[in-house]
Amino acid sequence: MKTETLLSLSDSHLTVYRYASSIITKVDTYDLNEPESMGRVTQWLKADESNSTAVLLDVSCEDYFEEQLPHVRGRDRSLLLNRKIAKFFPSQSYSHAELSTRLGTGRRDDIYFISGIADTAAINPLIDILADNNIAIRGVYTLPQFTAELIKPIEHSAKLLLITCEEDNSAADRYSFRQSFIINEKLYFSRLTSVANGLGADMADDVRKEIERTWQYLNNRRVLDQDSRMQVFMVLPAPVADSLREEPEASHCDYIYASAKELAERHHFLSDVNEPSRSALVAFILAKNGGRKSHYQPQRLGFIQKHQRAKQLLNIASALVLTLAVVFSVMTIMSALDIKSANEVSAVQARVLGAELETQRESFKYDGGHGISRHKNIQAKCTTRTYIPTDWQ
């Protein structure tokens, strides 16, 4: 049975999920503030027998940029884009660029959305464990990049602010509050903060202020049409959603409420947890939809991934060689059977011809050659009687 391990890393915790038979289960959660946690993670990974492993990042240290670049193709585009990315993220190991659109006027430049992590101190311990133990992974992914895919089953506008909120594992009295803005199914930016767990007017006021601040930021950058209303998609726990419904909405915004359970049903989410978290939902989507290109490429894992790809190619080559060997063996066996069948037919024909020859031999009576000699004597006499030499005339 094919299984996959998904390591969901936040600022303070590492949650391990296992996906098998279209069901995702939560294995364990490790507190990164405890010194012995990484040792326990190492022991668990060594004992893990999953077919593949993926890393999913849900951290607050990601940065986002919008860049306008000349429209070029091929190698020139790669060089131009890499130079721009290097200005924001020098290592380029934790960077991701996606083409958003092409302008319709002027030089018709390309608009790119660039995201990445400049400070990887919170991520390096996990990457070091994977590299030191030679654990092959299929990719390092960032949770916000799955925003559009997460809300795809529910109808929404082209420009949308998604808000997810869940209990903060690092602080019992606060909620983890993530805002992600998408344009035409492309992630423009995402920001992870926290709000107080008041479940009253104070919390609703904090949330409203965060949304209004985001609208003001987008409006100033002219991402939204001037003074237009912004659609806000809220995926909240039931108590938080009830608290916000009792208070006024943020100005210039239209709220759409949906529960995590509703999203889970739309994605046919199967799990052992009653209230799926955003990391569990995205981990399920990542595992269910199969292989996709990694968002980030840590250098330490590069050699392991190359080794993994080489191993896969060797496995494919071995399978092809084995298949060809089986085909040739089958063809050889069929040829041998055809030859055997032809030999049997030839043997039967030989026996039939032998029997006929034996029958003819037994019925043939030899008269000693008298008939032939007599015929020759008669012919000789006839020739003597009719011959007249020419010199007698």
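Structural data are supplied above this passage.
Attention in this report is confined to the structure presented alongside it. Note that the structure is a prediction, hence the values are computed from the model and not measured.

## What to know about the side chain of His13
Then comes step 1: Mapped onto the secondary structure, His13 falls in strand β2 (residues 13-20).
Then comes step 2: Taking the relative accessible area as the measure of exposure, His13 reaches 9% and is therefore buried.
Then comes step 3: At a separation of 2.8 Å, a polar atom in the side chain of His13 contacts the side chain of Ser12.

## Points about a nonpolar patch on the surface
Then comes step 1: Taken together, the side chains of Leu322, Val326, Val330 and Met334 make up a nonpolar region of the molecular surface, amounting to roughly 370 Å² of accessible area.
Then comes step 2: The topology assignment puts Val330 in helix α9 (residues 299-363).

## Concerning helix α2 (residues 74-88)
Then comes step 1: Its 15 residues give α2 an end-to-end C-alpha distance of 22 Å, which sits within 8% of 21 Å, the value for a rise of 1.5 Å per residue.
Then comes step 2: Within α2 the residues assigned to the buried category are Leu81, Lys84 and Ile85. Buried residues of α2, viewed axially, fall in a sector of 100°; they line one side. Those residues of α2 that are exposed and aimed more than 90 degrees away from the buried face are Arg75, Arg83 and Lys87.

## Overview of the pattern of salt bridges
When the charged atoms of two side chains with opposite charge come close together, those side chains can pair.
Then comes step 1: For the structure shown, the criterion picks out 17 salt bridges.
Then comes step 2: The residue Glu67 makes a salt bridge to Lys84 at a minimum N-O spacing of 3.6 Å. Residue Glu67 is located in strand β5 (residues 62-69), and its partner Lys84 is located in helix α2; the two are separated by 17 residues in the primary sequence. By the burial criterion, Glu67 is buried, and Lys84 matches it.
Then comes step 3: The closest approach of N and O atoms between Asp242 and Arg245, which form a salt bridge, is 3.6 Å. Here Asp242 pairs with Arg245, and both are found in helix α6 (residues 238-245), just 3 residues apart, close to one helical turn.
Then comes step 4: What makes Asp242 partly exposed here is its relative accessible area of 42%.
Then comes step 5: Through salt bridges with shared partners, a single network forms among Asp58, Arg178 and Arg278.

## Remarks on helix α8 (residues 278-288)
Then comes step 1: Burial analysis of α8 places 10 of its 11 residues in the buried class, which makes it a mostly covered element.
Then comes step 2: Residues of α8 that are buried include every one of Arg278, Ser279, Ala280, Leu281, Val282, Ala283, Phe284, Ile285, Leu286 and Ala287, and no others.
Then comes step 3: In the segment just after α8, Gly290 is the residue with positive phi, at about 80°.

## Let's talk about the pairing of strand β3 (residues 23-31)
Then comes step 1: Sheet analysis places β2 next to β3, joined by 8 bridges and oriented antiparallel. Opposite Val16, over in β3, you have Asp28 as the bridge partner.

Cut-offs used in this document
Residues numbered from 1 in each chain as written. Predicted model: local features only at pLDDT ≥ 70, side-chain atom pairs only at ≥ 80, totals over all residues. Heavy atoms only, no water. Helix = DSSP H or I, 4+ residues; strand = E, 2+ residues; numbered from the N terminus. Buried < 20%, exposed > 50% of the residue type's maximum accessible area, 1.4 Å probe, protein only. Polar contact = N/O pair within 3.5 Å; in protein donor to acceptor, adjacent residues only side chain to side chain. Patch = residues over 30% accessible without salt bridge, like charges linked within 9 Å, V, L, I, M, F, W, Y side chains within 5 Å. Areas by Shrake-Rupley, 256 points an atom, 1.4 Å probe, with all protein chains shown as cover. Salt bridge = Lys/Arg side-chain N within 4 Å of Asp/Glu carboxyl O. Expected span 1.5 Å × (residues − 1). Arc of directions from axis to C-beta. Pairing = 2+ DSSP bridges.

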